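Chain by chain, the residues:
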Amino acid sequence: MDVHAAPPSALSPGEAQRKRPTIKDVAATAGVSRGTVSRFLNGGKWVSPDARDAVERAIRETGYRANQHARSLVTGRADAIAFLLAEPQDRLFADPNYAPLLRGAAEALASRQMTLTLLVAGTPEERANVVAYLEAGHVDGAMLLSSHENEPLLDELLARNVPLVSCGIPLGRSDRVASVSVDEVGGAREMVAHLRSRGHRRIAMITGPLDLPGGRYRLQGFREEMGEDFDPALVAHGDYGAESGAHAMTAILERSADFDAVFAASDAMAASAISVLRKAGKRVPEDVAVGGFDDSGLAVSLDPPLTTMRQPFDRISAEMVSLLLEIIGGGPVKSVTMPASIVVRESA
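In this text the structure is predicted, and so the values were computed from the model without any measurement.

The rules we used
Residues numbered from 1 in each chain as written. Predicted model: local features only at pLDDT ≥ 70, side-chain atom pairs only at ≥ 80, totals over all residues. Heavy atoms only, no water. Buried < 20%, exposed > 50% of the residue type's maximum accessible area, 1.4 Å probe, protein only. Helix = DSSP H or I, 4+ residues; strand = E, 2+ residues; numbered from the N terminus. Arc of directions from axis to C-beta. Contact = heavy atoms within 4.5 Å. Polar contact = N/O pair within 3.5 Å; in protein donor to acceptor, adjacent residues only side chain to side chain. Pairing = 2+ DSSP bridges. Axes fitted to C-alpha atoms, helices over the stretch in contact; angles between N-to-C directions. Phe/Tyr/Trp six-rings, centres within 6.5 Å; stacked < 30°, edge-to-face > 60°. Lys NZ or Arg CZ within 6 Å of the ring centre and 35° of its normal. Parallel < 35°, antiparallel > 145°, perpendicular 65-115°, else oblique. Left-handed = near helix turned anticlockwise from the far one by under 90°. Nonpolar A, V, L, I, M, F, W, Y, C, P; charged D, E, K, R; others polar.

Every buried residue of helix α9 (residues 152-159) is listed here: L153, L154, L157 and L158. Looking straight down α9, one finds that the buried residues subtend no more than 135° of arc, so they occupy a single side. Close packing links the buried residues of α9 with β1 (80-85), α8 (124-135), β3 (142-145) and β4 (164-167). N-capping of α9 is provided by E151, with a side-chain oxygen placed 3.0 Å from the backbone N of L153. Taken from the residues just after α9, N161 is the one with a positive phi, measuring 60°.

Below, the discussion takes up the sheet that holds strand β10 (residues 307-310). With respect to topology, 6 strands assemble into an open sheet ordered β7-β6-β8-β9-β10-β12, the strand pairing being mixed. This sheet does not close on itself; its edge strands, each paired only once, are β7 (235-237) and β12 (341-343). For this sheet the average axis-to-axis angle between neighbouring strands, irrespective of direction, equals 20°. Here strand β8 (residues 261-264) pairs with strand β9 (residues 289-294) via 3 bridges, running parallel. Counterpart to A261 in the pairing with β9 is A289.

Turning our attention to the packing of aromatic side chains. Under the definition given, this model contains 3 aromatic pairs. Judged by centre distance (6.5 Å) and plane angle (35°), the rings of F222 and F263 are tilted. Remark: F263 occurs in strand β8 and F222 occurs in helix α11 (residues 213-226); sequence separation between them is 41 residues. Of the two residues examined, F222 and F263, each falls in the buried class. Joined through ring pairs, the aromatic side chains of F222, F230, F263 and F293 make up one cluster. Seen from the ring of F40, R112 lies directly overhead, with NZ or CZ sitting 5.0 Å from the centre. Stacked on the ring of F293, the Lys or Arg R218 has its end atom at 3.8 Å from the ring centre.

Looking at the secondary structure, you find N129 in helix α8. Given a relative accessible area of 55%, N129 falls into the exposed group. In this structure the C-alpha to C-alpha distance between N129 and L119, which are 10 residues apart in sequence, comes to 9.6 Å.

The next point concerns the packing of helix α2 (residues 23-30) against helix α4 (residues 49-62). The N-to-C vectors of α2 and α4 enclose an angle of 120°; their axes lie 8 Å apart at closest approach. By the angle between their directions, the pair α2 and α4 is classed as oblique. Remark: the crossing between α2 and α4 carries right-handed chirality. Along its contact with α2, which presents D25, V26, T29 and A30, the element α4 presents A54, V55, A58, I59, E61 and T62. Considering only residue class, the contact of α2 with α4 consists of 6 nonpolar, 2 polar and 2 charged.

So this is what it looks like as structure tokens:
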């Protein structure tokens, strides 16, 4: 462990006014070596969690600010990272999951004196602009959100050696692109197991897009846990959005009314499913239980509050930042998987 037992004293108020805090001052306040502080600022490789927390506190206490211009001249880096969304612009505001991921990434970079740049590539024109921007070196790498299996953007960035980390397993490219994801299969299985433990056997599912990892692997987990009770007539596909959830729930009802629970692959689709079920004269959860996935802010506000699988968005974005900075520093491509955890509320 890099944390020392007896750290030297921090700067006094008078000293702080006379000179700008340095890495040495941060190290003294945190009780770690200057090398540890430097490694933290350059990506966090080989820095223990305790040391990382100590350095972050020390940066706040001392008011340390890196000289970004001088640092960029020495390192050849922009000291900026892109938060890159490969979806239409309106999805940035419509999907409740992007805001906590964006906030977590901004906080993780701010603690390292780095900048977060938001880029959207939902059209061919936007994609061309984004590729040119990244290739020009305005940022050091990109955190990629919502990369569809056949999305050309990812291959274009790989061809240009842009450092990348994907939120979710990049389908077909997991050996070339680092990723941070939740256990999609395990999370879906846990939700189905919960519904079955409440006596439900005829369980429907509204999936996400099957060319995204969440859509594909949550359906896989659902099928595995359902086993012989799996009925393809009780499966409909959505795009994670509310409107698609309503269409999918309506389609399932038109095929069969013989089901007693619904698992939706996002909270937004679960919310729409509840609305459609009520219009069809079914009570939630008395007639049909409903479960979601994400534990977004929407889940608590629904009536009834939604049982759902929680994604640790703050941990996901922080891990994406750390992993990307390691890659920028020459580290290997690797994947990190975090567990999703069930949050039981009144809907199921």
